[in-house]
Amino acid sequence: MSKLKLLVTSALPYANGPIHLGHIAGAYLPADIYVRFNRLLGNDVVYICGTDEHGVPITLRAEKENVTPRTIVQRYHEDIKKAFQRCNIVFDTFSGTSHMHNKHHASLSREFFMYLNKNNLISVKLTDQHFCPKCQRFLADRFIEGSCPRCGFAEARGDECSNCNYQFDPLELKNPKCKICQDAPEIRSTKHWYLRLDVMQKELEKWIAGKTYWKENVVTFVHGWFKQGLKERAITRDLYWGVPVPLEEAAGKVLYVWFDAPIGYISATMEWAEKNGNIDKWKEYWQNPECRVVHFIGKDNIPFHAIIWPAMLMGQRQNYQLPWHIPANEYLNFGFSADDKSVKASKSVGNVVWVHECLDIFPADMVRYCLAACAPEKQDTMFTWKDFQLKCNSELLGVIGNFANRVLKFIANNFNSQVPGSALLSERDKEVLAKIRLTPKEVERLYANFDVRNAVAEIVNLSRLGNQYFDEKAPWKSVKENKRDCEACMFVSIQIVNALAVMLSPVIPESAQKLWEQLGYKDKICKWEQASQEIAPGHTIGTPTGLFQKIEDDVIAPLEEKLASAIQKAAQAAPEAKLAIETKAVETTTATATTPVPAQAQATVASVQPPAATPTGKAKSISLDLFQTLDLRIGEVIEAEKVPKSDKLLKLQVKIGSEMRQVVSGIAKYYTPEQIKGKKVPIILNLEPAKIRGIMSEGMILCADVEGRPVLLLPEQDVPSGAMVK
């Protein structure tokens, strides 16, 4: 099989503040996992990133602090770089877009502008803009504030209102004033340069038509823009911090941050090539038709990477490679749950989980695992500290860590740390070995298709199978009664542990390597095929030790309280916004953008009061936000059996997408195992696991209650398992 050449990027985080877990989940952890996986396959991969270091927010913050933009950039560049390092997210180079971090960037950005101009893809227009006579400069949108033209909110920003989320032209702002000197600006004409996306639409549509393998959210977004018709987009701004426009008549203007930021992908690759002793090596990736360019982003960045950036590359007419794939993720929302409350949080008011604060408490692998297992790949997902605790305790520790530890310790204690032979394998042993061989192939397919969430689910399912198999075989009995059967059990079980270590290494690299060493290996995990290679009888394992620690309630409680307090403070700080906030749909942003996040992607929620009883007294009303915390899916019942010594309970094995869940359901009086097997039923997934009659139950089947009798709810059409119930 021929090896691939890949150039992988993650959206450049804006050097204007620290990063939170939404950033990591959106564009950085998925890319890091993809890069690590491809390197295990032996593919040639270069992973590029850096900070986005120009633009108005940095300039405004610098002026408020009475420091230079360079000071702000340097501060947050180092802060962000350290956060990535602590998350074990490893770039081939982590650069930036200002000269202090990348000497190639400004010249390449100017070159991009000049080629677009030469190829008649730039137009010039006179536009009206706010000008501050006292500060003697044109004011970009963030340098102005005033009253919203829609709701009258007195502290609306230059082009959007944080109270009602209305976006508008800066000239519509009522009672505008300069945010630096507080004087009222006047309107003056200024000249700006525009990228002619309109004339490139047909070329872009033809290119996009071939991207049938792209994610649905990306394709849908792009076609929405095409349907509206692409419009010219301003490339220049009246600002002093940025890349100067390379024209004499544009003195005092810089390139818009959205324009120069993605060019940073190429200039950072140039920097990497130069550090590696071959300045032209960047061309092997960016100007090589055999190279696949992959951009990992959050969904707020789709138009920039799927339309505008490809247009900029096309317009060079210099053989630049266009994006091969843009696996944009949805948003990771933040929330907390206390009693019957469930509230989302927003970065715009600081109600987020900051990376540095999280890693001060928990190991990076715990954080990486939880974000991967709950990755917002197809829809927005919610991060809560309770869910984090549950994922780590029930899956990472309870399923994966528990299985690996019990197998390794048993071999150490009963076979002198030597892997026993496999002379007599039962049909069950062979069945499990076959599953071990198949799982890496499926996980490989999922990783390759940017489906980290389901890849993790497949790995966990293999570990669950291992625990079930271990319990079935009961080696603690057979070691005394049937030594050959015990040997076969441990031979098969150690193969599962081996596969788990390799398959998990892209997600939890430190823990996977520790497990690998406990298996008795001295080298590093380096090849994907090692997941399918059997450990031979007689192999000596290392010293078994626990991989993960249980997260106790007293660790989680103050973290939830902190988030709840932040939300309450935010509501008190902006009481005039409360009504609008409580009645609108809510999203928080991954903000992994090369540009400031649009207002539609930012919101806050005031504290949700406990729902009052309805007039009948039979039920309470709940908020839409509370309902949306339920993860309702269609599950297919694969296996069903009665629970011993119970006439009410059935133990079910339910398939939800690629994941298997064990569910205990109290329907045995009305449905036999044969009647429910093969049925597709609604199931609540995000209930805390509970032991019922000593059997772990990981969900709840939904039924109608007809005079005390449960009646299954069956879809009228055949729907795939894992489909959402809304």
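In what follows, the structure referred to is the one given above.
Residues numbered from 1 in each chain as written. Predicted model: local features only at pLDDT ≥ 70, side-chain atom pairs only at ≥ 80, totals over all residues. Heavy atoms only, no water.

**Q** Got a sec to walk through the overall build of the protein chain? Specific residues and values, please.
**A** A count of helical and extended segments in the protein chain gives 21 helices and 25 strands. The buried share among the 726 residues of the protein chain stands at 55%. Here the contacts in the protein chain between residues at least 6 apart in sequence split such that 74% fall between residues at least 24 apart. As displayed, the protein chain has an accessible area near 31,500 Å², and 50% of this comes from carbon and sulfur atoms. (Helix = DSSP H or I, 4+ residues; strand = E, 2+ residues; numbered from the N terminus. Buried < 20%, exposed > 50% of the residue type's maximum accessible area, 1.4 Å probe, protein only. Contact = heavy atoms within 4.5 Å. Areas by Shrake-Rupley, 256 points an atom, 1.4 Å probe, with all protein chains shown as cover.)

**Q** Could you give me a rundown of the pattern of salt bridges, with the residues and numbers involved?
**A** Across all of its chains, the model carries 39 salt bridges by this definition. A salt bridge links E186 to R188; its shortest N-O distance comes to 2.6 Å. Among the residues examined, E186 registers a relative accessible area of 32% and is labelled partly exposed. Salt bridges here are not isolated pairs; linked through shared partners, they connect K5, D44, K281 and E284. (Salt bridge = Lys/Arg side-chain N within 4 Å of Asp/Glu carboxyl O.)

**Q** How would you sum up the pairing of strand β1 (residues 5–10)? Please name residues and give values.
**A** The buried count for β1 comes to six of six residues, which makes it a mostly enclosed element. On β1, burial covers both faces: K5, L7 and T9 on one face and L6, V8 and S10 on the other are all buried. Note that β1 and strand β13 (residues 291–296) share six bridges and pair parallel. Note on β13: the bridge partner recorded for L6 is R292. (Pairing = 2+ DSSP bridges.)

**Q** If you had to explain the packing of aromatic side chains to someone new, which residues and values would you point to?
**A** Two descriptors summarise a pair of aromatic rings, namely the distance from one centre to the other and the angle between the planes of the rings. One pass over the structure, following the stated rule, counts 32 aromatic pairs. For the ring pair F112 and Y320, a centre distance of 5.4 Å and an interplane angle of 40 degrees mean the geometry is tilted. Residue F112 is found in helix α4 (residues 105–118), and its partner Y320 is found in the loop between α9 (302–314) and β14 (332–338); the two are separated by 208 residues along the sequence. Classification of F112 as buried rests on a relative accessible area of 0%. Residue Y320 is classed as buried on the basis of its relative accessible area, which comes to 8%. Members of the aromatic cluster, each reached through a chain of ring pairs, are F112, Y265, W282, W286, W309 and Y320. Directly above the aromatic system of Y331 lies the positively charged group of K299, at a separation of 4.4 Å from the ring centroid. (Phe/Tyr/Trp six-rings, centres within 6.5 Å; stacked < 30°, edge-to-face > 60°. Lys NZ or Arg CZ within 6 Å of the ring centre and 35° of its normal.)

**Q** Quick rundown of the pairing of strand β2 (residues 44–51)? Include the residues and the values.
**A** Within β2, seven of the eight residues are buried, which leaves the element mostly enclosed by the surrounding structure. Relative to β2, β1 runs parallel, the two being bridged by five bridges. The partner of K5 across the bridge, within β2, is D44. This β-α-β element, β1 to helix α1 (residues 21–40) to β2, shows right-handed connectivity. As defined by bridge partners, β2 adjoins strand β3 (residues 93–96) across four bridges and the pair is classed as parallel. Its bridge partner lying in β3, C49 is registered against F94. (Right-handed = clockwise from strand over helix to strand, strands pointing away.)

**Q** Which residues make up empty space enclosed by the protein, and what are the values?
**A** For the structure on display, the rule yields four cavities of 30 Å³ or more. Taken as a whole, the largest cavity encloses approximately 80 Å³ of empty space. Looking at the largest cavity, the residues that line it are P30, Y34, K215, F296, P327, N329, E377, Y447, F450 and V452. For the lining of the largest cavity, the class distribution of residues is seven nonpolar, one polar and two charged. In this structure, the second largest cavity occupies an estimated 60 Å³ of space. Considering the residues around the second largest cavity, the lining is formed by L433, I436, R437, Q495, N498, A531, S532, Q533 and E534. Sort the elements by how many residues they give to the lining of the second largest cavity and helix α13 (residues 427–448) lands first, with three residues. Considered class by class, the residues forming the lining of the second largest cavity number three nonpolar, four polar and two charged. (1 Å grid on protein atoms, 1.4 Å probe; cavity = no way out; pocket = protein on both sides within 12 Å on 5 of 7 lines; lining within 4 Å. Points joined across faces, edges and corners; volume = space filled by probe spheres on them. Nonpolar A, V, L, I, M, F, W, Y, C, P; charged D, E, K, R; others polar.)

**Q** Quick rundown of the side chain of S10? Include the residues and the values.
**A** Relative to the helices and strands, S10 is located in strand β1. Judged by relative accessible area, which is 0%, S10 ranks as buried. At a separation of 2.6 Å, a polar atom in the side chain of S10 contacts the main-chain carbonyl oxygen of A27. For S10, the residues in contact, after removing those within four places along its chain, are A27, Y28, A31, Y47, I48, C49, Y265 and F296. (Polar contact = N/O pair within 3.5 Å; in protein donor to acceptor, adjacent residues only side chain to side chain.)

**Q** How would you explain the sheet that holds strand β17 (residues 632–642) if you had to name every residue and give the values?
**A** Reading across the sheet, the five strands line up as β19-β18-β17-β20-β23 and stay open at both edges, with antiparallel pairing between neighbours. Among the strands making up the open sheet, the edge pair consists of β19 (659–665) and β23 (700–701). The pairing of β17 with strand β20 (residues 680–684) spans five bridges and is classified as antiparallel. Paired with L632 across the two strands is I684, which belongs to β20.

**Q** Lay out the packing of helix α5 (residues 197–208) against α9 in plain terms, naming residues and giving numbers.
**A** Look at α5 against α9: their axes get within 10 Å of each other, and the N-to-C directions meet at 100 degrees. When the axis of α5 is compared with that of α9, the two are roughly perpendicular. On the side of α5, the interface is formed by L197, M200, E203, L204, W207 and I208, while α9 contributes A306, I307, I308, P310, A311 and M314. Residue classes in the contact of α5 with α9 are distributed as eleven nonpolar, no polar and one charged. (Axes fitted to C-alpha atoms, helices over the stretch in contact; angles between N-to-C directions. Parallel < 35°, antiparallel > 145°, perpendicular 65-115°, else oblique.)

**Q** Which residues make up the packing of α5 against helix α6 (residues 216–228), and what are the values?
**A** In the contact formed by α5 and α6, the axes pass within 11 Å of each other and the chain directions differ by 155 degrees. Between α5 and α6, the crossing angle belongs to the class labelled roughly antiparallel. With respect to the hand of their crossing, α5 and α6 are arranged in left-handed fashion. Packed against α5, whose contacting residues are Q201, L204, E205 and I208, the element α6 presents V222, H223 and F226 at the interface. The class makeup of the residues in the contact of α5 with α6 is four nonpolar, two polar and one charged. (Left-handed = near helix turned anticlockwise from the far one by under 90°.)

**Q** Can you break down helix α7 (residues 257–275) residue by residue, with the values?
**A** For α7, with 19 residues, the first-to-last C-alpha span of 26 Å sits near the 27 Å given by 1.5 Å per residue. The largest bend in α7 comes to about 35 degrees, at G264. Most of α7 is tucked away: 17 of the 19 residues are buried. Just downstream of α7 lies G277, where phi reads positive at about 85 degrees. (Expected span 1.5 Å × (residues − 1). Bend = angle between axes of the 7 residues up to and from the residue.)

**Q** Got a sec to walk through the environment of I551? Specific residues and values, please.
**A** Within the secondary structure layout, I551 lies in the loop between α17 (509–518) and α18 (553–573). For I551, a relative accessible area of 4% translates into the label buried. Linking I551 and Q389, residues 162 residues apart in sequence, is a C-alpha distance of 6.0 Å. When near neighbours in sequence (up to four residues on either side) are disregarded, I551 contacts F362, M366, F388, Q389, C392, N393 and I556.

**Q** Go over α9, please, and point to the residues and values.
**A** For α9, with 13 residues, the first-to-last C-alpha span of 17 Å sits near the 18 Å given by 1.5 Å per residue. Along α9, the helix axis deviates most sharply at I308, where the bend reaches about 30 degrees; the proline P310 sits within four residues downstream.

**Q** Give me the state of the cysteines: which residues, what numbers.
**A** A complete count under the given rule lists zero disulfides for this structure. Unpaired in terms of disulfides, C135 finds its nearest cysteine sulfur in C132, a separation of 3.7 Å. The thiol sulfur of C178 is not disulfide-bonded, and the nearest other cysteine sulfur, from C181, lies at 3.8 Å. Taking relative accessible area as the criterion, C178 reaches 0% and is therefore assigned buried. (Disulfide = S-S within 2.5 Å.)

Coordinates in, geometry out; function isn't part of it.
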